[in-house]
Amino acid sequence: MYLNCHSYYSLRYGTLSVERLVKLARRNGVRKLVLTDINNSTGMIDFVKYCKEEGIEPVGGIDFRNQNRQLYVGIARNNDGFRELNEFLSDHLIHKKELPDRAPEFRNCFVVYPWKAVEFDTLRAHEFMGVGVQQLNRIQFVVPPHCMDKLVVHQPVSFASAEEYELHRNLRAIDNNCLLDLLPPEQVGASSEQMIPFGELQKVFAGFSNIGKNTCQLLDKCHINFEFKKVKNKQTFTGCKEDDRLLLEKLALEGWHYRYGDYADALNRVRHELKIIHELGFSAYFLITWDIIRYSMSRGFYHVGRGSGANSVVAYCLKITDVDPIELDLYFERFINPKRSSPPDFDIDFSWKEREEVQDYIFKRYGQEHTAFLGTMSTFKGKSILRELGKVHGLPKQEIDLLIKDPENSMNQNEVCRRILRIGRMMTDFPNLRSIHAGGILVSEESITSYTALDMPPKGFPTTQWDMYAAEEIGFEKIDILSQRGLGHIQDCVEIVRENCGVDVDIHKVDEFKVNPKVKQQLKSGETIGCFYIESPAMRGLLKKLRCDNYLSLVAASSIIRPGVARSGMMREYIHRFHNPGKFKYLHPVMKEQLEETYGVMVYQEDVLKVCHHFAGLDLADADVLRRAMSGKYRSRKEFQKIIDKFFSNCKERGYSDELAKEVWRQIESFAGYSFSKAHSASYAVESYQSLYLKAHFPLEFMVAVINNFGGFYRSWVYVNEAKRWGANILLPCVNHSEHLVCIKGKDVYLGFVLLANFERKMSRALVEERAGNGVYKNLEDFIHRVPIKREQLLLLIRIGAFRFTGKPKADLMWEAHMHFSDRKEEKTQTELFAQPRRDFVLPTLESNPLEDAYDEMELLGFPVSISYMDLLQTSFRGQVTASTLLDNVGKTIKLVGVLVCIKYVKTVRKELMHFGTFLDQKGEFFDTVHFPNTLKEYPFRGHGVYLILGEVTQEFGYPSITVQKLAKLPIKSDPREQD
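Cut-offs applied
- Residues numbered from 1 in each chain as written.
- Predicted model: local features only at pLDDT ≥ 70, side-chain atom pairs only at ≥ 80, totals over all residues.
- Heavy atoms only, no water.
- Pairing = 2+ DSSP bridges.
- Helix = DSSP H or I, 4+ residues; strand = E, 2+ residues; numbered from the N terminus.
- Axes fitted to C-alpha atoms, helices over the stretch in contact; angles between N-to-C directions.
- Expected span 1.5 Å × (residues − 1).
- Buried < 20%, exposed > 50% of the residue type's maximum accessible area, 1.4 Å probe, protein only.
- Arc of directions from axis to C-beta.
- Core = buried A, V, L, I, M, F, W, Y, C linked by side-chain atoms within 4.5 Å.
- Contact = heavy atoms within 4.5 Å.

**Student:** Run through the sheet that holds strand S15 (residues 743-745), naming residues and quoting values.
**Tutor:** An order of S14-S16-S15 is seen for the 3 strands of this open sheet, with the pairing classed as mixed. At either margin of the open sheet sits one strand with a lone partner, and together these are strand S14 (729-731) and S15. In this sheet, adjacent strand axes meet at a mean angle of 25° when their direction is disregarded.

Take a look at the structure:
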C-alpha cells in the first residue's frame, strides 16, 4: 500500500533514516514496503538489509522529479527492473538532461503517476495512476469505468510526525535558500505525507476495494534482493578463474625471485598467501591492481602502495607495494582473512600530475558500465546547521554568530533561537550533499547500475550514489587511486638529476638507501626539509630525539607522531623507553609479551588489536570493528559502544583492577581517528627514504623539484632558503635563463615565472618557446619585437629584474617600456613583422636602491631574494647565540632574532591556547620555540616577519627549544619610494 516512501536520502526533503523508516513500517503493520527516494537510490542497500532484519519484504523504486515537481514513481519488479531505473536516472544525471514528463517503456518496472498527471486513456500496460485519500470522493466522476483497474493507493511517506513536518519545511527552505516564511508552497510536501497504520489505510479505501486490490497485486509482483556476502568485484581478469590463479602464481613467483632471490621462507609465505587469495576469490582483485601498476610503470609513473595491502608478500612481489612484510614481521591476515568484517582494499598513491591519467586508463580498460568512482555523503554538522537555520529564520549575521559562539547567552533566550536549536538537534548528521570519495574506484562484474544510480561530479567520471560503507555491505572491494605531491617531487628530481648531473637514479632501490651512510646521517640529524612526511618541525624534532638512523625506528616514528599518541603522552614515554631499555616497568605481562618491539607502548593499530585480543579477550571480529573505529571508519556508534562495554566486562571477568582496565583503554582510545597500521607507516617510511636519498646526494636538484610541486609542509620561500643552505646560487627570474618552473644549471637556481604574481601562464610559455626557437633576447627592444606582450605583463618582468642581463637599471627599462607603448592606442598582442624605427631619447640619471628591489621581490614573489629578511631590519642586532649553539646554552636565558616560518596551534588540558613556533636564524638555520598560554596572551604573534625572542633554552632528549618569555616583532626599513 505504501508505494512512495522517502528516507532522508531524499536530500533536504525526507526526515526519516532508512532504519527508522523500516522500523516505523513494522510498527504500523506493513509487510511489504517500497523505498522511492527522489532522483536517487542511495539508501537501497541499507533498505534491503533493514527490511530483512524486521521481517518486511523490500521493493526498490525511485521518485522521478524535475525540481520539486513529481513526474512519476518507478517501482522495480525485480533486480533487473532496479537496474533499469538506475540506468534511466543515470543517463539524465550524467548528461545533465531534464527528465521527460512520460516514463520510458520499462520492461521490468511499474510506473505510478500522481493524480491526473496524464490522461487515463494513455496509460500503458505497466503504468498506473496514484489515488490519495483526498481524491477518493472524485473518482466516480473523473475516472472512466474501464480505467478503474489502473488506480493504486498513493500515500507518500516523508516524515513521522507534525514536528518532523516542521523539520521538513526547514530543510526545504535551506534547499531553496529562502526565508521560511517565503517558502513557495509547491516546494513543500503535504503535511499528510506520514505513515498511516496499515489497518486504518485499509479502512479508508474499504469502499474502493478495487484500488486496494490493484495495489496489492502490483506489490505481489515486485521484490528486490542482494546477496550481501557475495563479492561483487569483477570476478576474473583473464576470463577464467583457474587461469587467473595460474597467472597470479606465475607473476608472484617471478616477483619472489626478483625481491628475494632464492629465499625459501619467503617462497613458503608466497604460496601460503596465494592459497588464501584464491580460496577467498581475490585473484582477480590482485591482478587488476597489478594491471594498473603495470600500466603506470610502463608510462614511467611512480607510485606508492600503502595501507594494509602492504602486509602482503604477494603484493610486494607484484610491485604493488615496496614494503617487505617479512622484514617488518607483518602478517597477511591483517589484510585478508575470513573473519575480517570488511573487505580488503589497496591504497595506491600517484603523483598529482598523473593520477587522472591512471584513473582514465582504469575506466577505459574495464568500461564505464562496470567502473565507477565511489561516492561519499557530506552531512549537516554543528555550526553549519545553526548558520543555515539562522538564515532561513531571518536572523542577521551578528545574531547567528552569537548563537553559534554562545548558545546559552541571554540574548539567545527567545522562541526563534530555541526553535533553531531544537530543529538543529533533529537534523544533526542528516545527509546534506552527495560528493565523491577521495580516490575509491569500483570495478564490478555486473553493471554498476545493478546496485546504484550514478552521478557525474565535476571530476568527470561516473560516481556511485552511495558510499564506502554501502559498498562494503554489498560486497565490493574498492581500489584507492590517490595522489600526493611527494611522489611528484621524487619523480621530478630523478629527471632533473639526469639532466643536470648526467646520473640515472633507480628510485626503487630502497634497500640500498636504508644502509646508505649519508642517508642515515641526514635522518639522524633531522635534515629532512622537503622530504615526504618527515619534514614538519614536530617530526624533525622527533627524529633528533630518537637519534633515528634506521628503517624500523623511522617506521615507528611515522606512527607515534600521530596526534592521538602524542596527546596521550605515549610518544614521550616511547622515547624515554627507547633510550632506557630495561629501565621501565611494563603495564602488564601481556604488554611485554605482545609489545616488546615497541617497549610496551601501543604504536600501531596492530598493537591495539593484540592488546584487545590477548589482554581483554576480544575476538578477531570485535578487534576488526575496533580497528576501523580507530581510523574513524565505523558506521555505527552503537556498534562501537558495544565493543567498549565488552572490553570492560571482559577485564572484570579476568580479575583486572578498574584502574588497570581504564589506563589500558585510555591508551587505546588515544588512537581513535589517528592511528596507523604498521604497514601504512612502513609505506610512508619507504617514500621518506626515497626523498632522503635524493636530498642527501642531490640536494639542489631535490629542492628545485620540491619547489616546483607546491605541496610540501612549508611555503615556497622556506624551500628556496633550504636550497640556499645547501649551496645553491638563487637567481631571480630572467627572460634568457628561466623557465615557467624553477630550473637549475649547475649550482645556479633560476626562479621560474610561475612564482611571479599576476604573470600569465600563456605569457610564460610564449617567451620560453620563442627563446627556444630563435635564441636568447639581446635587449628589451628585441624582446618586445619578438614576444606578444601587454604593457602590464612587461612591467612585471622589469620590476622583478628579468632584464638585468642588459646592464640597465630597472628605472631606465621602465621608461623604455612606457615609451614603446605610449604612441599605441591598443596593447600589443602579436609579434611585429617589421621593427619600428627606434626613437632616440636621453634619460636623466635615475637613482636605484637595493631596498626598492627587495620590496618589489616581496610584492611579486612573496619573499626577498637579493637581500635577506634580516637585512631589512632597522636594527643590526642578530641575537646573542645562533641556532647551532642552543645546546651549549641550556638553562640560560638568551635573546635571539628569527624569521617566523610557521606556528602550530595547540590547546592545553585546560582548553587554553598555546603555540609552538619555528624560526630561521641569521644563518638560515631552524630553531623552535614554545609559547605557553600566559606568555602568549601578553606577547602574541603579529603575522609573518622577523621577531626578537627572549626565553630560556631547554632540551628534551637532546633536542633544544626556547621557552619564550617575551616576543616582539621587529620593525623593518621602509620602502624608499613611499618616503616623502
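**Student:** Requested: an account of helix H29 (residues 658-669), with residues and values cited.
**Tutor:** Count 3.6 residues to each turn of an α-helix, and residues three or four apart come out pointing the same way. An ideal rise of 1.5 Å per residue puts 16 Å on 12 residues; H29 measures up with 16 Å between its terminal C-alpha atoms. Of all the positions in H29, only Leu660, Ala661, Val664, Trp665, Gln667 and Ile668 are classed as buried. Buried residues in H29, looked at end-on, bunch into an arc of 155°, giving them a common side. The exposed residues of H29 that point more than 90 degrees off its buried face are Glu659 and Lys662.

**Student:** Explain the nonpolar core residue by residue, including any values.
**Tutor:** Grouped together as the largest cluster of nonpolar side chains are 139 residues, with contacts concentrated most on Phe615, Ile668, Phe783, Leu794, Leu797 and Phe803. Counting residues per element, this core draws most heavily on helix H30 (residues 678-697), which supplies 9 residues. Setting aside chain neighbours within four positions, we find Phe803 in contact with Val735, Leu780, Phe783, Leu794, Leu797, Ile798 and Leu813.

**Student:** Hey, could you go over the sheet that holds strand S18 (residues 913-920) for me, with residue numbers and the actual values?
**Tutor:** One closed barrel accounts for 5 strands, arranged S17-S18-S19-S21-S20; its pairing is mixed. Taken over all neighbouring pairs, the strand axes of this sheet differ in orientation by 50° on average, direction set aside. In terms of strand pairing, strand S17 (residues 893-907) meets strand S20 (residues 946-956) through 7 bridges, oriented antiparallel. Along S20, the bridge assignment pairs Val899 with Val946. Along the sheet, helix H32 (residues 716-725) contacts S17, S18 and strand S19 (926-931); its crossing angle with S17, the most-contacted strand, is approximately 135°.

**Student:** Summarise the pairing of strand S8 (residues 346-351); cite the residues concerned and give the values.
**Tutor:** Summarising burial for S8: 6 of the 6 residues are buried, a large majority. Where S8 and strand S13 (residues 479-484) come together, 6 bridges link them in parallel fashion. Bridge assignment links Phe350 to a residue of S13, and that residue is Ser483.

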